[in-house]
Amino acid sequence: MKTQLTSVRFRSRYPRRLLAPQKMISLAVLLSLILMTWTVGLAGAASPLPQDEGTVYTVQAADSLSKLAEKYFGDPGAWPAIWLATNAKAAEDDTFDAIPDPDLLTSGQTLWIPTSEEASTLMAEYTAEQEATFAAAPKTMRLPDLGGRTVVAVTENAYTPLNFVDPLTGEAVGWEYEATEEICRRLNC
């Protein structure tokens, strides 16, 4: 039995015309303009309207002060404004919850979101206070005195140059040992 190979041509229902380069460029520009308009529209829809007064906000699951600052002010670093404004409001109105720790919010807490102008003022005050605190802090931190107590540090001698056993002397050497010795020297252990 003989097998005969033949080539088969498939005909497409669509013509094989390619777009002229000029039309391809025009089409690409049009598509990119449409995409840019669409994304700008989405970004504009996501941002809140400018506030004339502050806003009462009830904390939802997964909220954080930085997320709220991003949402209302466009800057996650403006979280202290919400923290300070809420604590000030809580001091005069029992319906607001003071925030003792800005890293811990719980669902259902009532916060006060200040206006953008108020937030700017609060941030300027907060920044000045932080700079003053930093400037007043001592230049060196006092370390505790361990009074010669024994400190045990465990490491594996297998990671050159961090820690290893010197084959010539048989001593454990390396950066980790030197760092531990320096820390113990400073802490008097």
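The structure we're discussing is the one just above.
Residues numbered from 1 in each chain as written. Predicted model: local features only at pLDDT ≥ 70, side-chain atom pairs only at ≥ 80, totals over all residues. Heavy atoms only, no water.

In this section: the overall build of the protein chain. The helix and strand tally for the protein chain stands at 5 helices and 4 strands. Overall, the protein chain shows an N-to-C arrangement of helices and strands of α-β-α-α-β-α-β-β-α. In the protein chain, which comprises 189 residues, the proportion classed as buried is 19%. Taken as a whole, the protein chain presents about 15,400 Å² of accessible surface, with 59% of it coming from carbon and sulfur. (Helix = DSSP H or I, 4+ residues; strand = E, 2+ residues; numbered from the N terminus. Buried < 20%, exposed > 50% of the residue type's maximum accessible area, 1.4 Å probe, protein only. Areas by Shrake-Rupley, 256 points an atom, 1.4 Å probe, with all protein chains shown as cover.)

We now examine helix H2 (residues 65–73). Where H2 is concerned, the buried positions are Leu65, Leu68, Ala69 and Tyr72. Along H2, the residues classed as buried sweep out an arc of 100° about the axis, all on the same side. Lining the buried residues of H2 we find strand S1 (55–58), helix H3 (79–92) and strand S2 (110–113). Phi turns positive one or two residues past the end of H2, at Gly74, with a value near 80°. (Arc of directions from axis to C-beta. Contact = heavy atoms within 4.5 Å.)

Moving on to the packing of aromatic side chains. Following the criterion strictly, the structure yields 5 aromatic pairs and no others. Their ring planes at 80° and their centres at 6.3 Å tell us that Tyr57 and Tyr72 sit as a pair that is edge-to-face. Placement of Tyr57 in strand S1 and of Tyr72 in helix H2 is noted, with a sequence separation of 15 residues between them. On the accessibility criterion, Tyr57 (12% relative accessible area) is buried. (Phe/Tyr/Trp six-rings, centres within 6.5 Å; stacked < 30°, edge-to-face > 60°.)

Of note in the backbone geometry, Ala62 takes a positive phi value of approximately 70° without being a glycine. Among the structural elements, Ala62 can be located in the loop between S1 and H2.

What tends to happen in soluble globular proteins is that the nonpolar side chains get buried as a cluster. Core analysis: the largest hydrophobic core is formed by 22 residues, its most contacted members being Tyr57, Leu65, Leu68, Ile82, Ile99, Leu105 and Leu111. Of all the secondary-structure elements, those providing two or more residues to this core are H2, H3, S2 and helix H4 (116–136). For this core, the element with the highest residue contribution is H3, accounting for 5 residues. Excluding anything up to four places from it in sequence, Ile82 contacts Leu65, Leu68, Ala69, Phe73, Leu111, Trp112, Ile113 and Pro114. (Core = buried A, V, L, I, M, F, W, Y, C linked by side-chain atoms within 4.5 Å.)

When two helices pack together, their arrangement is captured by the angle between the axes and the distance separating the axes. Taken N-terminus to C-terminus, the directions of H2 and H3 make an angle of 100°; their axes are 7 Å apart at the nearest point. One way to sum up the angle between H2 and H3 is to call them roughly perpendicular. Counting all contacts with H2, which are made through Leu65, Ser66, Leu68, Ala69 and Phe73, the residues of H3 involved are Trp79, Ile82 and Trp83. In the contact of H2 with H3, the residues fall into 7 nonpolar, 1 polar and no charged. (Axes fitted to C-alpha atoms, helices over the stretch in contact; angles between N-to-C directions. Parallel < 35°, antiparallel > 145°, perpendicular 65-115°, else oblique. Nonpolar A, V, L, I, M, F, W, Y, C, P; charged D, E, K, R; others polar.)

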